[in-house]
Amino acid sequence: MKPRRALLFMPGDDRHKIEKGAALGVDAIIMDLEDGVALSRKQAARETIAAALQAVDFGQTERLIRINPPVGGGLYVADLEATAPYRPDGYVLPKVESAQQLRDVSQRLEQFESRFRWPEGTIKLLALIETARGVVNLREIAESDDRLVALIFGAEDLAADLGAIRTPDGWEVFYGRSAVVIHARANGIQPIDTIYPHLQNRTGLESETEQALYMGFTGKLAIHPQQVEVIQAVFTPSAEDVARAQHMIAAFRTHQAAGEGVFVFDGKMIDMPMIRAAEVVLARARTAGTLDV
Ligand code: COA
Ligand code: MG
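Residues numbered from 1 in each chain as written. Chains lettered and ligands numbered in written order. Predicted model: local features only at pLDDT ≥ 70, side-chain atom pairs only at ≥ 80, totals over all residues. Heavy atoms only, no water.

> Tell me about the sheet that holds strand β2 (residues 28–32), and please be specific about residues and values.
Ordered in space as β1-β2-β3-β4-β5-β6-β7-β8, the eight strands form a closed barrel in which the pairing is parallel. Between one strand and the next, the sheet's axes are offset by a mean angle of 25°, whatever the strand orientation. Summarising the sheet, strand β7 (residues 190–193) and strand β8 (residues 219–222) pair through two bridges and their orientation is parallel. Across the sheet, the residue bridging to I192 is G219, located in β8. (Pairing = 2+ DSSP bridges. Helix = DSSP H or I, 4+ residues; strand = E, 2+ residues; numbered from the N terminus. Axes fitted to C-alpha atoms, helices over the stretch in contact; angles between N-to-C directions.)

Structure follows, in structure tokens:
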């Protein structure tokens, strides 16, 4: 699986921020055409993104574009027309509420792929779940299309849609946050957590990101370069985590061979669920590129 630990947003009409994001070593950047861009700047942003895709060296960083919501008569068709010919790696679709919306965008991308003779299905989709209807329809959304590689949870828009008030603990949006993980995992795609808007609060970002990791998320949105390092570190298992997981799995194999399904490791009972969790740690390390085998 492609690493998507931190995904850094920037307004699509800001070439300086796009260049800055491209040089950070972040797993993905999301060049925005939706709410981070004023209505009067949409066309300028499309052109800026198209030019950047042709000229900027993004290295290993995945190049994603957030278009406007895929609803009838919306701006999103022009967003796709102006940017798809320059072959981004994928699109982030905001305020997704139905499988049909994903299929509609997917079919449009298929036309670009066939027009330019690119392999079919290579442009990926990531769906933002950030409305009550999006949460309610998670099942059909998560199953909708082969291009879909991730579900992203959007807490700020969801809170507004619910008439909720944001609090530091986030219990007002917890059901939606948790549902995104469950539906993504049920369909073998990545769950990605919401932004953390307090730019100066590094400890707050760290603990919210750890909470996301503990819930099963594979990554988190970032809105400032300073957040990238914190987020990517949390989603990269430490050398000690990896060694511990490897030892536990080795001990499990030895006990299995001796006909024992359950055993004690470091004073704790270990059986199959703990071994599966240890495998997840190794999978995270492989995705992050810190473990080869
Ligand atoms: N991506 C890339 N570079 C960024 C960045 C981002 N998201 N946010 C800030 N930078 C750059 C700035 O351009 C500046 O570069 P410089 O030192 O070369 O001039 C440097 O990082 C420091 O930025 P700073 O002065 O701390 O922030 P700011 O006041 O310029 O910008 C925000 C603050 C919130 C406007 C900015 O971080 C931002 O645009 N974030 C993303 C917003 C967004 O996309 N929202 C939509 C999705 S929620
Ligand atoms: Mg939003």
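Let's pick the thread back up.
> Just give me the short version of the site of ligand 1, but keep the residues and values in it.
Near ligand 1 you find 13 residues, and of these F9, H16, K20, I223 and H224 are the closest. H224 is positioned such that a nitrogen or oxygen atom in its side chain is 2.7 Å from an oxygen atom of ligand 1. Contact with the protein chains hides 59% of the accessible area of ligand 1, taken as 890 Å² for the molecule alone. Taken together, the elements giving at least two residues each to the shell around ligand 1 come down to β1 (6–11) and α1 (15–22). (Near = heavy atom within 4 Å. Polar contact = N/O pair within 3.5 Å; in protein donor to acceptor, adjacent residues only side chain to side chain. Areas by Shrake-Rupley, 256 points an atom, 1.4 Å probe, with all protein chains shown as cover.)

> With reference to specific residues and values, describe the pairing of strand β5 (residues 124–129).
The element β5 is extensively covered by neighbouring structure, given that five of its six residues are classed as buried. Traced from strand β4 (residues 90–93) through helix α4 (residues 99–115) to β5, the parallel crossover comes out right-handed. (Buried < 20%, exposed > 50% of the residue type's maximum accessible area, 1.4 Å probe, protein only. Right-handed = clockwise from strand over helix to strand, strands pointing away.)

> Can you break down the coordination of the magnesium ion (ligand 2) residue by residue, with the values?
Around the magnesium ion (ligand 2), the donor atoms from the protein are E130 (OE) and D157 (OD), and they sit 1.9 to 2.7 Å away. On the criterion of sequence distance, the pair formed by E130 in the loop between β5 and α5 (132–136) and D157 in helix α7 (residues 155–162) is long-range, its members being 27 residues apart. Residue classification places E130 among the buried residues on the basis of a relative accessible area of 2%. By relative accessible area, D157 is classed as partly exposed at 26%. (Donors = N, O, S within 2.8 Å, 3.2 Å for Na, K, Ca; no water.)

> Describe helix α2 (residues 42–55), and please don't skip the residues or the numbers.
Helix length check: α2 (14 residues) gives 20 Å between terminal C-alpha atoms against 20 Å at 1.5 Å per residue, within 8%. Every buried residue belonging to α2 is among K42, A45, R46, T48, I49, A50, A52 and L53, and all of these are buried. In this structure, the buried residues of α2 make contact with α1, β2, β3 (62–66) and α3 (76–83). (Expected span 1.5 Å × (residues − 1). Contact = heavy atoms within 4.5 Å.)

> Lay out the pairing of β3 in plain terms, naming residues and giving numbers.
Of all five residues making up β3, five are buried, and the element is well covered by its neighbours. Neither face of β3 is open: one carries E62, L64 and R66, the other R63 and I65, and all of them are buried. Two strands pair when backbone bridges link them, and β2 and β3 are joined in this way by five bridges, in the parallel orientation. Directly across from M31, in β3, lies its bridge partner I65. Each parallel crossover has a hand, and the one from β2 via α2 to β3 is right-handed. Pairing analysis gives three bridges linking β3 to β4, with the strands arranged parallel. In the sheet register, R66 faces β4, and the bridge partner there is V92.

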